[in-house]
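Chain residues, written in single-letter form:
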Amino acid sequence: MTAQSDDGIGRVIAIALQKGGVGKTTTTINLAAELARLDMRVLVIDIDQQAHSTSGLGITVGPDDPTAFEVLTDERNQRVPLLEAIQKTEFGVDIVPAALALRQLEKGGLGPGGQLRLAKQLDDLTGYDVIFIDCPPALGALTEAAMAAADDVLAVLEAGPDEVDALVRLGSAVADVQEGLNEALEIRYVLLADYEGNTKTAQNVRAGLLQDWGAWSAGGAYLGEIPHTVRVREAKDKRVPIAVHAPTCSAAVAYRDAAVLLAERIRA
Ligand code: ADP
Ligand code: MG
């Protein structure tokens, strides 16, 4: 959980929001692919039962493949299940795939010591500069385990009227995790992942985020807005990053720019 990338221990970033359909998974896939193109060594851990990061990076999980479920339920407290579960994608990114079985954990919890199991396994994992954890759309046991393991939270937001409220709720979940599990955790990055700038509300949300989080030189964290475009959905259906499907489209360019900002901050 240390913050150095030059010692081989990567920065762990939980990509979270308690709502579905805001663009967490799209952001995970595309920032991961872009950071890999910037020569960073990237691992994605997919802990959402829907497994859309897994499929979106072209991975089909075989019946005997270990997944994030085995990582989160292994009681040996070693890195064995994590290392066994890592698969290589075609896009220069490694992944711990998700499985439907994760649903049980979201409902039934992780049991004694379970909240720190992922954190312990990631603690001395070397060989990666960045580790993204794609969280499910709830502040339940799985997101909590991700936050316990993470250095930073990247909040993926919608440019709608509930945005401030969503960020406050996420912030209080982070505060809870700070108390018992992970003192150093902060929301350090925010991003608008599916931005349609044609309403006053959306424009106001963007302006507010720029004002509160955008002063990059002062430690700001606003990674920008990704324009809404049908190309994103097409890339998802083809199970490839947007940069592979439509490298010059507005969303591909915006994800590239966001990755450059993030890489700069991670390497600082
Ligand atoms: P989450 O992981 O937060 O549930 P997803 O990343 O799965 O959200 O995105 C929800 C849907 O919105 C997906 O169908 C995705 O393809 C679509 N989407 C996300 N970002 C964009 C965008 N910039 N333009 C168009 N569609 C988008
Ligand atoms: Mg998702």
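Only a predicted model underlies this, so the values are computations on that prediction, with no experimental measurement involved.

Enquirer: What's the story with the overall build of the protein in this structure? I'm lost.
Expert: Broken down by element type, the protein carries 12 helices and 8 strands. Whereas a compact globule of 268 residues would reach a radius of gyration of roughly 18 Å, the protein reaches 17 Å, a difference of no more than 12%. In terms of its C-alpha atoms, the protein occupies a principal-axis envelope of roughly 50 × 40 × 35 Å. Here the protein holds 268 residues, and 52% of them are scored as buried. Residue pairs in contact within the protein that sit at least 24 positions apart in sequence constitute 78% of those at least 6 positions apart.

Enquirer: Please explain the site of ligand 1 as it appears in this structure.
Expert: Looking at ligand 1, there are 16 residues lining it, with Gly21, Gly23, Lys24, Thr25 and Thr26 nearest. Thr25 has a polar side-chain atom sitting 2.9 Å from an oxygen atom of ligand 1. Interatomic distance of 2.6 Å between a side-chain N/O atom of Thr26 and an oxygen atom of ligand 1. Contact with the protein chains covers 87% of the free accessible surface of ligand 1, which is 560 Å². Residue assignment for the shell around ligand 1 shows that the elements contributing at least two residues are helix 1 (24-37), strand 7 (186-195), strand 8 (222-227) and helix 10 (230-238). Taken together, the residues of the shell around ligand 1 break down into 5 nonpolar, 7 polar and 4 charged.

Enquirer: Just to check I follow, could you spell out the environment of Ala68 for this structure?
Expert: Residue position: Ala68 is located in helix 3 (residues 68-73). Residue class for Ala68 comes out buried when judged on its relative accessible area of 1%. Taking the C-alpha atoms as reference points, Ala68 and Ala85, 17 residues apart in sequence, are found 7.2 Å from one another. Dropping the residues within four chain positions of it, Ala68 is found in contact with Asp46, Ile47, Val96, Pro97 and Leu102.

Enquirer: Explain the pattern of salt bridges to me, please; I cannot follow it from the model alone.
Expert: Proximity of charged atoms lets side chains of opposite charge pair with each other. Taken as a whole and assessed by the stated rule, the structure comprises 10 salt bridges. Two residues, Lys88 and Asp94, come together in a salt bridge whose shortest N-O distance is 3.3 Å. On the basis of relative accessibility, which here comes to 65%, the residue Lys88 falls in the exposed class. We classify Asp94 as buried; its relative accessible area is 9%.

Enquirer: What is the right way to read the sheet that holds strand 3 (residues 87-88) from this model?
Expert: What links the strands of a sheet is backbone hydrogen bonding, and the strands pair in either a parallel or an antiparallel sense. Strand order in the open sheet made by the 8 strands is 3-4-2-5-1-6-7-8, with mixed pairing throughout. Two strands in the sheet have a free side with no partner beyond their single neighbour: strand 3 and strand 8. Across 2 bridges, strand 3 lies against strand 4 (residues 93-96) in antiparallel orientation. Paired with Gln87 across the strands is Ile95, a residue of strand 4. Across the sheet, helix 7 (residues 141-149) is in contact with strand 1 (11-16), strand 5 (130-134) and strand 6 (152-157); its angle to strand 1 comes to roughly 155°. Packed onto the sheet, helix 9 (residues 200-213) meets strand 6, strand 7 and strand 8 and runs at close to 155° relative to strand 7.

Enquirer: Please clarify how the side chain of Thr54 should be interpreted in this entry.
Expert: Following the sequence through the fold, Thr54 ends up in helix 2 (residues 52-56). For Thr54, the side chain forms a polar contact with the side chain of Asp46, separated by 2.7 Å. Not counting the four nearest positions on each side in its chain, Thr54 is found in contact with Asp46, Ile59, Val61, Ile95, Pro97 and Ala98.

Enquirer: Got a minute to help me understand the side chain of Asp152 in this structure?
Expert: Along the chain, Asp152 turns up in strand 6. Exposure remark for Asp152: the relative accessible area of 0% places this residue in the buried category. A polar contact of 2.6 Å, which involves the side chain of Asp152, links it to the side chain of Arg11. Side chain to side chain, Asp152 and Arg188 meet in a polar contact 2.7 Å long.

Enquirer: Got a minute to help me understand helix 10 in this structure?
Expert: Two or three places before Arg231, at the start of helix 10, stands the capping residue Thr229, its side-chain oxygen 3.0 Å from that residue's backbone nitrogen. Looking one or two places after helix 10, you find Arg239, whose phi comes out positive at around 60°.

Enquirer: Explain unusual backbone geometry here, please?
Expert: Although it is not a glycine, Asp39 adopts a positive phi angle of roughly 70°. One can find Asp39 in the loop between helix 1 and strand 2 (42-46). Looking at Asp39, the relative accessible area reads 67%, which means it is exposed. A positive phi angle is found at Ala51, which is not glycine, with a value near 55°.

Rules and cut-offs
- Throughout, a residue's number is its position along its own chain's written sequence, starting from 1.
- In the order they appear in the text, chains get letters beginning with A and ligands get numbers beginning with 1.
- Predicted model: local features are reported for residues with pLDDT of at least 70 only, side-chain atom pairs are reported and counted for 80 or more only, and whole-chain, interface and lining totals are derived from all residues.
- To get the side-chain values, all heavy atoms of the structure are used, and hydrogens and water are removed first.
- The way it works is that DSSP assigns letters per residue, a run of H or I at least four long becomes a helix, a run of E at least two long becomes a strand, and they are numbered from the N terminus.
- This radius of gyration counts C-alpha atoms alone. The globule rule is 2.2 Å times how many residues there are, raised to the power 0.38.
- Relative accessible area decides the class of each residue, using a 1.4 Å probe on protein chains only: under 20% of the type maximum gives buried, over 50% gives exposed, and in between gives partly exposed.
- The criterion used for residue contact is that any of the two residues' heavy atoms lie within 4.5 Å.
- Residues are counted as near a molecule or strand when any one of their heavy atoms sits within 4 Å of it.
- Any N or O atom pair separated by 3.5 Å or less is treated as a polar contact, with the protein-specific requirement of one donor-capable and one acceptor-capable atom, and with residues adjacent in sequence counted only for side-chain atom pairs.
- Residue exposure ignores everything except the shown protein chains as possible cover, and the areas themselves are Shrake-Rupley values with a 1.4 Å probe.
- Each residue is assigned to one class: nonpolar for Ala, Val, Leu, Ile, Met, Phe, Trp, Tyr, Cys and Pro, charged for Asp, Glu, Lys and Arg, and polar for all the others, Gly among them.
- We count a salt bridge whenever a side-chain nitrogen from Lys or Arg sits within 4 Å of a carboxyl oxygen from Asp or Glu.
- Any two strands with at least two DSSP bridges between them are considered paired.
- As a rule, the C-alpha atoms of each element are fitted with a line to give its axis, helices using only the stretch in contact, and angles between N-to-C directions run from 0 to 180 degrees.

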